[in-house]
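In case you want the letters, here they are:
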2 protein chains.
Amino acid sequence: MKKWLTISKNLIRKSVIFENYSVRRKSPLSGNEGDFEVLECRDWVNVIARDSHGEFILVKQYRHGVDEITIEFPAGVMEKGENPADTAARELREETGHISNKWVDLGSCNPNPAFIKNSCHFFFADNCEYEGELILDHFEEIEIVTMDLQELKKQVLSGKISHSLTHTGLLKFLLNENT
Amino acid sequence: MKKWLTISKNLIRKSVIFENYSVRRKSPLSGNEGDFEVLECRDWVNVIARDSHGEFILVKQYRHGVDEITIEFPAGVMEKGENPADTAARELREETGHISNKWVDLGSCNPNPAFIKNSCHFFFADNCEYEGELILDHFEEIEIVTMDLQELKKQVLSGKISHSLTHTGLLKFLLNENT
């Protein structure tokens, strides 16, 4: 198995969230050649945050993609000049008002290798403490939701917590705890 | 917390994978109004497939989004007229050559509620048996990879298995096993 060869790459459209390219590629195996859609996004960061009582801190917000109110781990986009750990600390403070002095890097994933070119990085922030009011963007409206691990698992299994990146974060947290 | 009100919705571009809309919405809370990117995709299906020896069956393939070779659960797009269970059985047969007589519905997720409007459905197919050669699309090149649960967890934790939807599938499988 080999990577396909890139013949050309053309920007179709640049939006706030992604740059949409059409990439022409050729298979070294079959010789087949075609045009493929690729979205280039900045990297994202998710924070699995737990307070000193063992409660996980999640955010409840309206999401435009699904047109529903969701419950997710605090998360955001890496800004220019930030490393993933910077983004994690910033998003935790902005979206939940909390800070942490105990961070664990849980690694990263690809949100969708089929057509999205970016990574999402995961951090566990333990012993979180409330520092002050949320710092929200113009369009952000967030409520904090806390729950213990059993309830978190239950809401994932029932589908109430539906975001695949929150699922990835929980899986990485659980696997990391057991190693 | 309330859902935002949709004022207008305009198709920007239709590709093979998605329809890209700009949706104008207003917050009932703040009165703020803005234009938001939404990608409407067909639903996807992932199959957590295990053979009679307890080995999980995954697919290795080149992915154009990340420009890398990945290892993932067999998966695909729901075709018109299919229900999720149909798609699961079809993709398992096409991408791995296997069939199963023991299916468990593991529920669904939203791949990215922030800007993608679709669901991904998960099924556990146990006691999988090889029936015949893979049935691949023009651009598909797939190798089968099998591994036990311990190795699967290890490769998720190390990042070698990087697809967030494969992670979601494994999490749903593990939580379902423990209920």
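Residues numbered from 1 in each chain as written. Chains lettered and ligands numbered in written order. Predicted model: local features only at pLDDT ≥ 70, side-chain atom pairs only at ≥ 80, totals over all residues. Heavy atoms only, no water.

Student: An account of the interface of chain B and chain A is requested, with residue identities and associated values reported.
Tutor: In many analyses, interface size is given as the accessible surface area lost on bringing the parts together. On the chain A side, the residues contacting the 64 residues of chain B number 64 residues. Of the roughly 6200 Å² buried between chain B and chain A, counting both surfaces, carbon and sulfur atoms make up 64%. Counting the surface chain B buries against chain A, the share from its top three residues, B:Met1, B:His64 and B:Glu141, is 13%. Where chain B meets chain A, there are four salt bridges. A:Glu37 is the salt-bridge partner of B:Arg13, the closest N and O atoms lying 2.6 Å from each other. (Contact = heavy atoms within 4.5 Å. Buried area = accessible area lost by both parts, 1.4 Å probe. Salt bridge = Lys/Arg side-chain N within 4 Å of Asp/Glu carboxyl O.)

Student: How would you summarise the relation of the copies chain B and chain A if you had to cite specific residues and measurements?
Tutor: The two copies are related by a screw motion: chain B maps onto chain A through a turn of 180° and a shift of 0.0 Å along the axis, at an RMSD of 0.0 Å. Both copies of the chain, as the preceding transformation shows, are related through a two-fold rotation axis. In this assembly, 100% of the residues forming the interface of chain B have copies in chain A that are likewise at the interface, indicating an isologous arrangement. (Least-squares fit on C-alpha atoms with pLDDT ≥ 70 in both.)

Student: Mind laying out the confidence of the model for chain A, listing which residues take part and the relevant values?
Tutor: The predicted model of chain A has a mean per-residue pLDDT of 97, with 100% of residues at 70 or higher. Here the prediction assigns the complex a pTM of 0.97, and the interface score ipTM is 0.97. (pLDDT = per-residue confidence, 0-100.)

Student: A description of the side chain of A:Ser100 should follow, citing residues and the corresponding values.
Tutor: In this structure, A:Ser100 sits in the loop between β8 (98–99) and β9 (102–109). Setting aside residues no more than four positions away along its own chain, A:Ser100 makes contact with A:Leu92, A:Ala125, A:Asp126 and A:Cys128. (Helix = DSSP H or I, 4+ residues; strand = E, 2+ residues; numbered from the N terminus.)

Student: Can you tell me about the sheet that holds strand β10 (residues 116–117) of chain A, naming the residues and giving the values?
Tutor: Residue and element names in this part refer to chain A. Reading across the sheet, the four strands line up as β1-β2-β3-β10 and stay open at both edges, with mixed pairing between neighbours. The open sheet has two edge strands, β1 (5–14) and β10, and neither has a second partner. Where strand β3 (residues 33–40) and β10 come together, two bridges link them in parallel fashion. Looking at the pairing, Leu-39 lines up with Ile-116 of β10. (Pairing = 2+ DSSP bridges.)

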